[in-house]
Amino acid sequence: MSKWWPLALLMSMTFAAQAADTAAAPTTVTILGVDHAAQLVAPRDPPALLEAFLARVKPDAICIERAPDAYARGDYYEFTYEVQDVVVPYARRSGIELCPIDWEPPVEEQRLGFGMALDAPPELRLLKGFPSFLSFGAQTLQRDFFHADDPANLQKVTQWAATPAANAKNDLARRLYLYRTYMQARRILAAARAHPGGRVAVVVGEFHKHDIEAILKDEPGLRLVQPSSYGRPSAADIAAHDRPEYRTAIASFNLLGLQSQSGQVDYAYVGRALDALDAQGATAQTRLLRTRLDLLQARIRREDAIARYRAIAAEAGDARFAWNGVKDAARVDSYFDPFGNLDVRRRALLEAARETWALGDAAAAQALFDACADGLSPRQRNQLRGYWERDVAIAAAQRP
């Protein structure tokens with residue numbers, strides 16, 4: 001007799017019990033595939049729409065893309081804006097259970113396989129490649145909220161997942177993806193089992209969506225429903241779920257981060273967000289963002305922008321941005337912006353320095369930069385200087 005028979009018997013009994021428990025009470029599971037942080041640039045996929053959609057689904061639990069141990073520490077991926085800045089706060093305000101469903105290899109195995117810890121950025125992030133700052137191309141600006149419901153839109157990743165690398169030593173990312181997605185599916189199943197007859201919403205990177213559905217499709221007691229079957233929330237519903245921090249995130253990412261240098265900014269989308277912030281009363285934050293928007297759209301001259309920035313810095317006090325995307329407060333940057341952890345006063349000084357340098361007054365620009373750096377930690381000052389010098393070198397190389 002095989003030594004494995006007790007385990008096989010136990011598994012058989014467990015699966016039979018699960019089937020019996022769920023036969024009369026199917027749990028509805030809807031898996032929303034997202035493009036991480038694309039809500040910041042896509043007018044048809046804004047943060048408030050995600051919140052309004054979850055309110056429409058009325059889930060008993062929401063599964064999010066983070067491993068349970070990291071979630072328990074309040075630790076999220078830098079790139080999952082939609083998780084830590086939309087889904088988690090909404091669920092907590094609404095009393096909805098949160099279920100972390102991701103898996104990732106231990107840090108020592110990340111270093112062994114990739115030569116680095118994937119969650120630990122270098123002191124100065126790269127402009128291109130991994131790990132660099134976030135920016136999006138033109139196609140993402142056209143993204144629709146239900147984009148991932150159509151498998152044809154994700155055909156490239158489906159083909160990649162099914163095709164081993166030509167050289168096996170380069171196949172680690174694909175192999176981990178397959179295992180990771182499988183474990184996500186199993187954790188979603190556990191969340192569904194904990195809510196028989198209820199509703200479970202899953203917010204996960206779109207590359208995982210259809211593989212998860214393929215893994216879960218034959219599970220007894222589960223009913224998979226496409227997000228689009230709930231319909232798109234109305235404009236009034238979306239507006240009702242809009243929040244100042246969502247508007248700040250949209251304006252800040254597009255106007256202050258590298259997205260502003262990409263040439264791919266939907267200024268109407270950004271303008272609406274900023275108008276809504278202004279409607280609640282002008283602040284140092286909104287005046288800075290408005291100045292940057294006016295300058296990028298050539299509504300004001302550099303000299304005008306410098307005067308505004310100096311005035312903002314003089315009046316801002318200790319004001320901070322309503323959203324900055326910063327994960328590590330010991331750094332000066334975020335995944336979204338090389339200078340994301342600066343308060344409003346320092347950011348105004350930095351922007352004034354940038355424009356002053358562009359006008360050819362290096363001495364005055366340096367004085368403004370020094371005022372910006374004053375009071376930061378040594379590490380933050382070093383990062384600030386590194387990013388500033390890189391920006392200056394790039395701008396100098398682009399001069400005619």
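That block above? That's the structure.
Residues numbered from 1 in each chain as written. Predicted model: local features only at pLDDT ≥ 70, side-chain atom pairs only at ≥ 80, totals over all residues. Heavy atoms only, no water.

**Considering the overall build of the chain**
A count of helices and strands for the chain gives 18 helices and five strands. The C-alpha radius of gyration computed for the chain amounts to 24 Å, which stays within 12% of the reference 21 Å derived for 400 residues, consistent with globular compactness. Taking the principal axes of its C-alpha atoms as reference, the chain extends roughly 85 × 50 × 35 Å. Split into buried and exposed, the 400 residues of the chain put 48% on the buried side. Within the chain, contacts between residues separated by at least 24 positions form 75% of all contacts whose residues are at least 6 apart in sequence. Counting only carbon and sulfur atoms, one obtains 55% of the accessible surface of the chain, whose full area is about 18,700 Å². When the 48 basic and 49 acidic side-chain charges of the chain are each reduced to a single mean position, those positions are 1 Å apart. (Helix = DSSP H or I, 4+ residues; strand = E, 2+ residues; numbered from the N terminus. Rg over C-alpha atoms; globule rule 2.2 N^0.38 Å. Buried < 20%, exposed > 50% of the residue type's maximum accessible area, 1.4 Å probe, protein only. Contact = heavy atoms within 4.5 Å. Areas by Shrake-Rupley, 256 points an atom, 1.4 Å probe, with all protein chains shown as cover. Lys, Arg positive; Asp, Glu negative; His and termini not counted. Charge placed at Lys NZ, Arg CZ, Asp CG, Glu CD.)

**Notes on the sheet that holds strand β1 (residues 27-34)**
Strand order in the open sheet made by the five strands is β3-β2-β4-β1-β5, with parallel pairing throughout. Each of the sheet's edge strands pairs with one partner strand only, and the pair in question is β3 (97-100) and β5 (222-224). Neighbour-to-neighbour, the strand axes of this sheet turn through a mean angle of 25°, independent of strand direction. Each of β1, β2 (61-64), β3, β4 (199-205) and β5 is contacted by helix α8 (residues 172-193), which is oriented at about 160° to β4, the strand it contacts most. (Pairing = 2+ DSSP bridges. Axes fitted to C-alpha atoms, helices over the stretch in contact; angles between N-to-C directions.)

**Digging into a nonpolar patch on the surface**
Among the surface-exposed residues, Phe114, Leu118, Phe130 and Leu172 lie close enough to one another that they form a single nonpolar patch of about 340 Å² accessible area. Tracing the backbone through its elements, the reader meets Leu172 in helix α8. The class of Leu172 is partly exposed, set by a relative accessible area of 30%. (Patch = residues over 30% accessible without salt bridge, like charges linked within 9 Å, V, L, I, M, F, W, Y side chains within 5 Å. Salt bridge = Lys/Arg side-chain N within 4 Å of Asp/Glu carboxyl O.)

**Topic: the packing of α8 against helix α9 (residues 206-216)**
Helix packing geometry: the angle between the two helix axes and the distance between the axes. Between α8 and α9, the shortest axis-to-axis distance is 9 Å and the interhelical angle comes to 60°. Comparing their axes, α9 and α8 come out oblique. As α8 packs across α9, the resulting crossing turns out to be right-handed. Facing α8, whose interface residues are Tyr177, Leu178, Arg180, Thr181, Tyr182, Gln184, Ala185, Ile188 and Leu189, α9 presents Phe207, His208, Asp211, Ile212, Ile215 and Leu216. (Parallel < 35°, antiparallel > 145°, perpendicular 65-115°, else oblique. Left-handed = near helix turned anticlockwise from the far one by under 90°.)

**A few points about the pattern of salt bridges**
What the rule picks out here adds up to 38 salt bridges. The residue Arg56 makes a salt bridge to Asp237 at a minimum N-O spacing of 3.6 Å. Here the residue Arg56 occupies a position in helix α2 (residues 47-57), and Asp237 occupies one in helix α10 (residues 235-240), the gap between them amounting to 181 residues. Close ionic contact of Arg143 with Glu206 constitutes a salt bridge, the shortest N to O distance being 2.7 Å. Placement of Arg143 in the loop between α6 (138-141) and α7 (155-162) and of Glu206 in helix α9 is noted, with a sequence separation of 63 residues between them. Here Arg143 matches Glu206 in class, with each residue buried. In this structure, a network of salt bridges that share partners links the residues Glu78, Glu123, Arg125, Asp328, Arg331, Asp333 and Arg379.

**Here we look at the packing of aromatic side chains**
Counting across every chain of the model gives 16 aromatic pairs. Summarising the aromatic geometry, the rings of Phe133 and Tyr387 are spaced 5.4 Å apart at their centres and angled 65° between planes, so their arrangement reads as edge-to-face. Of this pair, Phe133 sits in the loop between α5 (107-114) and α6 while Tyr387 sits in helix α18 (residues 378-398), placing them 254 residues apart in sequence. Relative accessible area serves as the criterion here: at 5%, Phe133 is assigned to the buried category. A relative accessible area of 1% places Tyr387 in the buried class. Each residue in the set Tyr81, Phe136, Phe253, Trp323, Tyr335 and Phe336 is aromatic and connected to the rest through ring pairs, giving one cluster. (Phe/Tyr/Trp six-rings, centres within 6.5 Å; stacked < 30°, edge-to-face > 60°.)

**Considering the packing of helix α14 (residues 284-296) against helix α15 (residues 302-315)**
Between α14 and α15, the shortest axis-to-axis distance is 10 Å and the interhelical angle comes to 170°. By the angle between their directions, the pair α14 and α15 is classed as roughly antiparallel. Residues Ala284, Arg287, Leu288, Arg290, Thr291, Arg292, Asp294 and Leu295 of α14 touch α15, and the partners they reach there are Arg302, Ala305, Arg308, Tyr309, Ile312 and Glu315. In the contact of α14 with α15, the residues fall into six nonpolar, one polar and seven charged. (Nonpolar A, V, L, I, M, F, W, Y, C, P; charged D, E, K, R; others polar.)

**Details of the side chain of Lys209**
Relative to the assigned elements, Lys209 resides in helix α9. A relative accessible area of 0% places Lys209 in the buried class. Polar contacts involving the side chain of Lys209 include one to the side chain of Glu213, which spans 2.7 Å. Only 2.9 Å separates the side chain of Lys209 from the side chain of Gln226, close enough to count as a polar contact. Leaving out residues up to four positions away in the same chain, Lys209 has contacts with Ile31, Gly33, Ala148, Asp149, Gln226 and Pro227. (Polar contact = N/O pair within 3.5 Å; in protein donor to acceptor, adjacent residues only side chain to side chain.)

**Section: unusual backbone geometry**
Each neighbour pair has its own omega, and for Phe130 with Pro131 the value is 0°, a cis peptide bond. Of note, Pro131 is situated in the loop between α5 and α6. Of note in the backbone geometry, Lys58 takes a positive phi value of approximately 55° without being a glycine. As for its placement among the helices and strands, Lys58 is situated in the loop between α2 and β2. The exposed category is assigned to Lys58, whose relative accessible area is 60%.

**A short note on the state of the cysteines**
Across all of its chains, the model carries zero disulfides by this definition. Residue Cys99 stays outside any disulfide, its sulfur separated by 4.7 Å from that of Cys63, the closest cysteine. Residue class for Cys99 comes out buried when judged on its relative accessible area of 11%. (Disulfide = S-S within 2.5 Å.)

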